[in-house]
Amino acid sequence: MSWLERLAARAPVPVYPLLGIGGERVLYELALAGRVARVDSPRHASVLLVAGHVPAQHHEALKRVHDQLPRPFATLWFRSQPLPGLENARRADDLATLADELVALHRELHTGQRGSSPRLLPDEPPNPWQGLGDDGHGGEGMMGGTPYGRPMAMNMQDDIRDGLTLDSLTFRLGPFYPLLPPGLAAEITLQGDVIQSWTSLSSAYPRALDAIFQTAREQPVSIAELELARARHHLRQLYLALRLAGLESLGLQALRLARGLTPASRINGLRRRLMRSGFFNLAALDGGVLDAEMARRLGGPAARAAGIDADLRRDDAHYRRLGFSPVLSWGSDTRARWQQALGEIEQSLALARRAVDEGDPLTAAPGNVETPCGPWRDRPSPAAGGCLDELLPGLEWDSALATIASLDLAPVSASPPPGEASAESASASSGSHEEGAP
Amino acid sequence: MNVLPALALVSLTLIAGGYLVAVADRLIAGACGWPRQGNPWLAPLARGAWLYRQDANVTEAPDRPAWRLAPALYLALAALGLALVPWSPTLIASNLATGVVLWGSLEALATVAIFLHGWSANAPLALIGGYRYVALGLSYILISMFVLIGVVLPAESLQFSQVVATQGELWNVVRQPLGLPLFLIVGLGLTFWGPLNLADSTDLAGGTASEVSGPPRLVWEIARMAMLVAFSAIAATAFLGGWQGPWLPGPLWLALKMLAILLALLWLGRVLPRLAPERCVTLMWVVLLPLSFVDLVWAGLEAL
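Values in this document were obtained by computation on a predicted structure and should not be read as measured data.

1. Topic: the nonpolar core
Grouped together as the largest cluster of nonpolar side chains are 227 residues, with contacts concentrated most on V47(A), L49(A), L102(A), A78(B) and A226(B). Among the elements that make up this core, the one with the highest residue count is helix α9 (residues 214-239) of chain B (17 residues). Look past the residues within four positions of A78(B) in its chain and what remains in contact with it is L14(B), A223(B), A226(B), M227(B) and A230(B).

2. Remarks on the interface of chain B and chain A
Every contact between the two is made by 49 residues of chain B and, on the other side, 50 residues of chain A. Elements that contribute at least two residues to the side of chain B that touches chain A include exactly α2 (43-53), α5 (124-155), α10 (250-271) and α11 (277-303) of chain B. Examining the composition of the side of chain B that touches chain A, we find that 8 residues originate from one element, α2(B), more than from any other. Of the residues belonging to the side of chain B that touches chain A, the class tally is 24 nonpolar, 12 polar and 13 charged.

3. Here we look at the sheet that holds strand β8 (residues 194-202) of chain A
Residues and elements named next belong to chain A. The 3 strands lie next to each other as β6-β7-β8, forming an open sheet whose pairing is antiparallel. Either end of the sheet is taken by a strand with one partner, and the two such strands are β6 (168-173) and β8. Strand after strand, the sheet turns through a mean of 15 degrees between neighbouring axes, direction not considered. Across 6 bridges, β6 lies against strand β7 (residues 185-191) in antiparallel orientation.

4. A word on α2(B)
With 9 of 11 residues buried, α2(B) lies mostly within the body of the structure. Among all positions in α2(B), only A43(B), P44(B), A46(B), R47(B), G48(B), A49(B), W50(B), L51(B) and R53(B) are buried. Buried residues along α2(B) sit in contact with α1 (3-9) and α4 (98-110) of chain A together with α1 (3-31) and α9 of chain B.

5. Structural notes on the packing of α1(B) against α9(B)
All names here are of chain B. Across the interface, α1 lies against α9 with an axial gap of 8 Å and an inter-helix angle of 100 degrees. One element, α1, and the other, α9, form an angle in the roughly perpendicular class. Counting all contacts with α1, which are made through T13, L14, G17, G18, V21 and A22, the residues of α9 involved are I222, M225, A226, L228 and V229. Partitioned by chemical class, the residues of the contact of α1 with α9 number 8 nonpolar, 3 polar and no charged.

Thresholds, definitions, all that
- Residues numbered from 1 in each chain as written.
- Chains lettered and ligands numbered in written order.
- Predicted model: local features only at pLDDT ≥ 70, side-chain atom pairs only at ≥ 80, totals over all residues.
- Core = buried A, V, L, I, M, F, W, Y, C linked by C-beta atoms within 7 Å.
- Buried ≥ 20, exposed ≤ 12 C-beta atoms within 10 Å, placed from the backbone.
- Helix = DSSP H or I, 4+ residues; strand = E, 2+ residues; numbered from the N terminus.
- Contact = placed C-beta atoms within 7 Å.
- Nonpolar A, V, L, I, M, F, W, Y, C, P; charged D, E, K, R; others polar.
- Pairing = 2+ DSSP bridges.
- Axes fitted to C-alpha atoms, helices over the stretch in contact; angles between N-to-C directions.
- Parallel < 35°, antiparallel > 145°, perpendicular 65-115°, else oblique.

As structure tokens, then:
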């Protein structure tokens, strides 16, 4: 083994997370783990981490992502079944040792103990060349035809923003693009970086919330615990949005806070740093304005960020006794939704503190639950699918992705994946709250 | 200076400076709350070794020569910029009489190299990254021109050695207080770093570099660091008195000033969000460009 191989084996491990159903949790663990670096392009990865169950209809897409990793690379299947042809791939089920497994895999790959993962698809274009020339650049190929089954970037539509017409570029993204919710796929037409049209092709996978929300549908649960789980969910969503906005250090602060959340936790420091960094003023948060009807159909924080006073907790007598009334924002754009999220985190922590002070009351009755994404629903909201198709045209790419990050588009899964609930409670009890206790 | 010593000087600065950028960025990330990614002094070398060993992938029908040449072109622009920097009254790789003009042309050519990198991959996200850089490029290049004209006015010369010589009494950072802050913003744009990283951004999964792997990506990353080093050297020369300073040798003074500029850029890159492209262009044309006019008028009055 050469010194170069030994050196390469010691590099921080670039991991491309391909998320199936219930796989989101790995993002939060990897973000806080040293020695592992999450990357957003399969071209930049050494290890493909398949986390959660991938439905059969997306196996072809999975194979395409798999084959995009440059050699040498390996795959790790976390709570997931390797595809045929990858029987020798490593599997893992324990979230606590996931980072160690990834590091070990990378080392084995570069020290010759493991070969690169085999290709699953033939190395040829998915569709035959149907252009007019023999190359994609210049010559007759630029003049039309449908090379490799896709239309050329031709000027087919007027610009919908400022009249400066550019060539329209149509492509498909998803279901494993890491900056969209897992499972969501779309056909997109751009002019420059402005979205001309967005057609959703598949919905986001169901999302596993903290087990306590499922329990709350069946029996009364501790209000303090329920509210901590709600705050934790919003903090994790905030991490994803901050990472997208280029503020990963603040996102990591939110994640650390989520990991050690207790009723005594405060987010004053995080809010202050967010304001000082210019997140609300400089980042692409202007877009994604929901009209009242769409906001009402999406429900939850998205509706409350549009000034709609809708929250099932209001119907719970024990919540009312704690002085609950919904936090509302006005504006209904991406900025308003993140201000709403911060407000709801603060409210949840305040409710948890008050509940602890008053003897830790339970919810009044099981039944319909206000989850962090709105009223519990097992199936996608009727608004969720078409919402993006209406909302995104006219937005710049940055603004469109920030809009998607601020919306909960996935249905809620009835139960968390195996091991999720225990891992959640273990990490919460072992963590310590980061910001000042009273 | 003869060709070989000049080449050695530029190469040494690029290698040492690029490595230092990689280490400093990791140290700053650690201070900002990132989990530790191994030994910060070893990690850049290990990452370089990993990229060197990784296969260089190919997309569907790329413009292969342009795709492979773009990183080398950007690196060459950084090296050319660094060659203009005086390390002492005599230690200058290329003491060009029109050095400031050449630097301006390098900034413009960087737009070509970055767009080429995005366009030639023949992939949508890389192409959008290229588009974005072109949209941004013109905005910051104009600011850069006005700020640099402000610097050459008191020197009455387009030669960087003369620009340094006229800062013996008073550095330009004091003489023209708007100049350095504006030029730092130009630097973030030229190196598409942190808040102005619209070309290789997270929302585009790496933008112009989203489809690149292996040795070409290693060259691209080295080129980006080299450009940070070259820009820091030019900024230190134009505004912080270059090699001038008491007690220490001139080259050491310049290295320290370059380090200060580098740390400022790297820190800004870690603590500011990426600007929305539309807001970025508006900010450049509506706020910063008029400010660069003010800087120029200020420099003109001061020169009278």
